[in-house]
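Here is how the chains run, residue by residue.
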Amino acid sequence: GAGILALPYALQEGGAGIGVFSLVLTGAFSLGGFLSIGYVCSVTGASTYREAWARSVGTAPVLVNVAIGFECAICCVGYVILILDYIGVGLQGLVGIRASP
């Protein structure tokens, strides 16, 4: 995702040791989350997040839809910020136009 654009700078500023540790820790958390979702789907026989939620929690899956929508909205905001940051750098390097701060 968008994190790959900021990764080289983060590793430069934080150092390779802290950067690699953070990447491994983040990967472990992601692995744990995916394994948990897979286990719940396997046990309940669900094939979607909505089904897994309804079968394991038993309440209306509206909360799942709201959470997924909120995550998508926040990701879009993050991409817009990254794009706007890189447009200024790209214009300056490509055609010499300096973007105003």
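Fair warning: this is a prediction, and the values are worked out from it, not measured in the lab.

(A) Geometry of the layout of surface pockets. Taken as a whole, the largest pocket spans an internal volume of roughly 350 Å³. Taken together, Phe34, Ile37, Val40, Cys41, Tyr49, Ala52, Trp53, Ser56, Val64, Ala67, Ile68 and Glu71 form the lining of the largest pocket. At the level of secondary structure, the elements contributing two or more residues to the lining of the largest pocket comprise helix 2 (16–44), helix 3 (49–56) and helix 4 (62–95). When its residues are assigned to classes, the lining of the largest pocket shows 10 nonpolar, 1 polar and 1 charged.

(B) Representation of the confidence of the model for the protein chain within the structure. Here the protein chain averages 83 in pLDDT, while 90% of its residues score no lower than 70. At the low end of the mean pLDDT range in the protein chain sits helix 1 (residues 3–14), at 75; at the high end sits helix 2, at 90.

(C) Examining helix 2 more closely. With 29 residues, helix 2 should reach 42 Å at 1.5 Å per residue; the first-to-last C-alpha distance of 42 Å fits that figure. Looking at the residues trailing helix 2, positive phi occurs at glycine 45, about 75°.

(D) Up close: the environment of leucine 11. Looking at where leucine 11 falls in the secondary structure, it is placed in helix 1. Through-space distance from the C-alpha of leucine 11 to that of glycine 32 is 24 Å; in sequence the pair is 21 residues apart. Residues in contact with leucine 11, not counting those within four places in the same chain, are Ala16, Gly19 and Val20.

(E) A look at the packing of helix 2 against helix 3. One can describe the packing of helix 2 onto helix 3 by two numbers: an axis separation of 10 Å at closest approach and a directional angle of 65°. In terms of axis orientation, helix 2 runs roughly perpendicular to helix 3. When you trace helix 2 past helix 3, the crossing you get is left-handed. Across the interface between the two elements, Ile37, Val40, Cys41 and Thr44 of helix 2 pack against Tyr49, Ala52, Arg55 and Ser56 of helix 3.

(F) Seen up close, the packing of helix 3 against helix 4. Contact geometry for helix 3 and helix 4: axes closest at 9 Å, N-to-C directions at 140°. Between helix 3 and helix 4, the angle is such that the two are oblique. Helix-helix and strand crossings are classified by hand; for helix 3 and helix 4 the assignment is right-handed. Between helix 3, through Tyr49, Arg50 and Trp53, and helix 4, the contact on the second element is made entirely by Leu63, Val64, Asn65 and Ile68.

What counts, and at which threshold
Residues numbered from 1 in each chain as written. Predicted model: local features only at pLDDT ≥ 70, side-chain atom pairs only at ≥ 80, totals over all residues. Heavy atoms only, no water. 1 Å grid on protein atoms, 1.4 Å probe; cavity = no way out; pocket = protein on both sides within 12 Å on 5 of 7 lines; lining within 4 Å. Points joined across faces, edges and corners; volume = space filled by probe spheres on them. Helix = DSSP H or I, 4+ residues; strand = E, 2+ residues; numbered from the N terminus. Nonpolar A, V, L, I, M, F, W, Y, C, P; charged D, E, K, R; others polar. pLDDT = per-residue confidence, 0-100. Expected span 1.5 Å × (residues − 1). Contact = heavy atoms within 4.5 Å. Axes fitted to C-alpha atoms, helices over the stretch in contact; angles between N-to-C directions. Parallel < 35°, antiparallel > 145°, perpendicular 65-115°, else oblique. Left-handed = near helix turned anticlockwise from the far one by under 90°.

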